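Here's the letter readout for the chains.
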Amino acid sequence: MVSFKSNAKNYRDAESMAAAYLAAYFGNSEIEYPISPFEMLKDEGVDFVIRNFNKLEGVYIPAQNQDDIAIVGISANRPITRQRFTAAHELCHHFRDADKQVACPIGQKNASEYFADAFASALLMPMGELKVKVNEYKDYNGNVSFDDILKIADYFGVSFESCVRRIAYKIHAVEGDIESKELTKRIRKYKPDIKRKELGMSYENLYSDLIDNYAEQLKFAPNKYAKYVFENTYIYNDSRMEGLDVSIEEASEIVTDLRNNMQNSQYCTEKNEAYLSVAGHYLMYQDIFALPVKESLNVYDSFKLNKDLFAYYPHPEFGGNPRQNNVVISGAKFEAVDYHDIFSELAKVDNDIKIFFEDKDNIKVSDYIKHVIRTHHRITVIHPFPEGNGRTTRAFMNVQLVRAGLTPLYIKVEEKKNYIAALEKADTENNYDDLYECIFRVMIRSHVELSMNS
Ligand SMILES: [Zn+2]
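Since this is a predicted model, take the numbers as computed values, not measurements.

## Section: the overall build of the protein
And then number 1: If you tally the helices and strands in the protein, you get 20 helices and 4 strands.
And then number 2: A globule of 454 residues ought to have a C-alpha radius of gyration of about 22 Å, and the protein, at 25 Å, matches this closely.
And then number 3: Considered along the principal axes of its C-alpha atoms, the protein spans approximately 75 × 55 × 40 Å.
And then number 4: Looking at the protein as a whole, 39% of its 454 residues qualify as buried.
And then number 5: Taking as baseline every contact in the protein between residues at least 6 positions apart, the subset at least 24 positions apart corresponds to 71%.

Right under this line is the structure:
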């Protein structure tokens, strides 16, 4: 690979440079699609981090000396297909511009930015394979429809737009007006994201690949900053998710009083439920972030969380006990299991938890997280507690992550709709793709926020 880098500046065009790199990278082995630009960065000895950028797609920071390594930054605020494209784009800078720091803006571009974009496009959609796909889908005029380009884009793990443009301008197999601005309009009108949803397509695979190549960065041990963020952001979020309308300012004084005086607090009444819940959340998260991190894990740890959640209520003995009747879950489309079966169902879940927890260092990180996500769904269906099942099982998801040394996550109010829909899809169709995609994305966003001060 060293030899590739030393020759990279000799390529006059990005297309031949990408083809040469693919040949060098894959050698005699067959190329698997979608190609992973994240893995390529790692294989070239480049670290990448996902961070909050406003006006940038990414940055390239070269190694400062022999002992240093190059770092690529990728915007957290862009879709996964764009993040993959940026990773490939920064790989080009690593090969050609490794002597200087490069900031890659959204929109306006100079010649070296255009070159890196062309490289990324050619790397992720190699011309030979793209022609194979176009031949597979083309009509009698030799053109490919937008519906089929959607499938081709999915195959390569790229955005619909970048795929349309490459097919239109490099293979000339898109019908109608393809003048740049006109094509943009046509793409917008087509609404590829909505179409993808309708066809049941998911980016779960692209997120899995990102997460597996990002496993080092997702490692986590409880620290003061994370605790601060959870106490001041997450807890209010989760209470607001349950429909409790409290602001941090309103709540802090009351919550402090509750935490100090518990059942003797003047605020310990049913009408202050919002505050009682926030105070209970604090207790749950003290447990989750306690050091040293426990080395064991079982499903019954969720009972302790539920007990914590209700610790400041007028009747705290309510918490941490199983449901004693059958319920219809309001707002959800699924039916909870019969309350007689709660413990036999939990025993099955516990068995899985033990297997995955013991095996966590031998399996892909994405597979461990998928198991945590499935467990989360199963416990919501078992619905073990009379109250607070959502809050408790979301907290338990974090117990499973933190005990495995992984970053905890929190779902924002604006992500709730998507999350609930994905939970329902898992339940009614036994299809977890949307839930995986949703939680993977939330986890990466949470990781970025928890890394703000590093
Ligand atoms: Zn750039």
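## Some points on unusual backbone geometry
And then number 1: In the segment running from Tyr-33 into Pro-34, the intervening peptide bond is cis, with an omega of -5 degrees.
And then number 2: Here Pro-34 shows up in the loop between α2 (14-26) and α3 (37-43).
And then number 3: Positioned with a positive phi, His-172 is a non-glycine residue whose angle comes to about 55 degrees.
And then number 4: Mapped onto the secondary structure, His-172 falls in the loop between α8 (160-171) and α9 (180-190).

## Comments concerning the environment of Ile-248
And then number 1: Counting through the fold element by element, Ile-248 comes out in helix α13 (residues 248-261).
And then number 2: Here Ile-248 falls in the partly exposed class, since 13 other C-beta atoms lie within 10 Å of it.
And then number 3: Along the backbone, Ile-248 and Asn-232 are 16 residues apart, and their C-alpha atoms lie at a distance of 7.2 Å.
And then number 4: The contacts of Ile-248, once residues within four sequence positions are left out, are Asn-232 and Tyr-236.

## Quick look at the packing of helix α16 (residues 342-359) against helix α17 (residues 365-382)
And then number 1: Their axes nearest at 11 Å, the elements α16 and α17 cross at an angle of 175 degrees. Comparing the axis directions of α16 and α17 gives the class roughly antiparallel. Seen from α16, the contacting residues are Ile-342, Glu-345, Leu-346, Val-349, Asp-352, Ile-353 and Phe-356; seen from α17, they are Tyr-368, His-371, Thr-375, Arg-378, Ile-379 and Ile-382.
And then number 2: Each residue belonging to the contact of α16 with α17 can be placed in one class, and the counts come to 8 nonpolar, 2 polar and 3 charged.

## Remarks on the sheet that holds strand β1 (residues 47-51)
And then number 1: Strand order in the open sheet made by the 4 strands is β1-β3-β2-β4, with mixed pairing throughout. On the outer flanks of this sheet lie β1 and β4 (102-105), each paired with one strand and no other. Neighbour to neighbour, the strand axes of the sheet diverge by 15 degrees on average, direction disregarded.
And then number 2: In this structure, strand β2 (residues 56-61) lies alongside strand β3 (residues 71-75), joined through 4 bridges in antiparallel fashion. Its bridge partner lying in β3, Ile-61 is registered against Ile-71.

## Focus on the environment of Glu-231
And then number 1: Structurally, Glu-231 can be placed in helix α12 (residues 224-241).
And then number 2: Each C-alpha atom, one on Glu-231 and one on Asn-362, is 33 Å from the other, the two residues being 131 residues apart in sequence.
And then number 3: Beyond its immediate stretch of four places on either side in the chain, Glu-231 contacts Tyr-282 and Tyr-285.

## Some points on the domain arrangement of the protein
And then number 1: Segmenting the protein into domains produces domain 1 (2-124), domain 2 (127-201) and domain 3 (213-450).
And then number 2: Distance from the C-alpha centre of domain 1 to the C-alpha centre of domain 3: 38 Å.
And then number 3: In this assembly, 9 residues from domain 1 lie in contact with 6 residues from domain 3.
And then number 4: When residues of the side of domain 1 that touches domain 3 are traced back to their parent elements, those giving at least two are α3 and β1.

## Some thoughts on helix α4 (residues 80-96)
And then number 1: Under the 1.5 Å per step criterion, the end-to-end length of α4 is 25 Å for 17 residues, consistent within 8% with the ideal 24 Å.
And then number 2: Of all 17 residues that make up α4, 17 are buried, and the element is covered over most of its length.

## Concerning the environment of Ser-36
And then number 1: Counting through the fold element by element, Ser-36 comes out in the loop between α2 and α3.
And then number 2: Under the C-beta neighbour-count criterion, Ser-36 is labelled buried, with 21 such atoms within 10 Å.
And then number 3: A C-alpha to C-alpha distance of 7.1 Å links Ser-36 and Asp-209, two positions 173 residues apart in sequence.
And then number 4: Every residue in contact with Ser-36, bar those within four places of it in the chain, is listed here: Asp-209 and Asn-213.

The rules behind these values
Residues numbered from 1 in each chain as written. Predicted model: local features only at pLDDT ≥ 70, side-chain atom pairs only at ≥ 80, totals over all residues. Helix = DSSP H or I, 4+ residues; strand = E, 2+ residues; numbered from the N terminus. Rg over C-alpha atoms; globule rule 2.2 N^0.38 Å. Buried ≥ 20, exposed ≤ 12 C-beta atoms within 10 Å, placed from the backbone. Contact = placed C-beta atoms within 7 Å. Axes fitted to C-alpha atoms, helices over the stretch in contact; angles between N-to-C directions. Parallel < 35°, antiparallel > 145°, perpendicular 65-115°, else oblique. Nonpolar A, V, L, I, M, F, W, Y, C, P; charged D, E, K, R; others polar. Pairing = 2+ DSSP bridges. Domains from an automatic or database assignment. Expected span 1.5 Å × (residues − 1).

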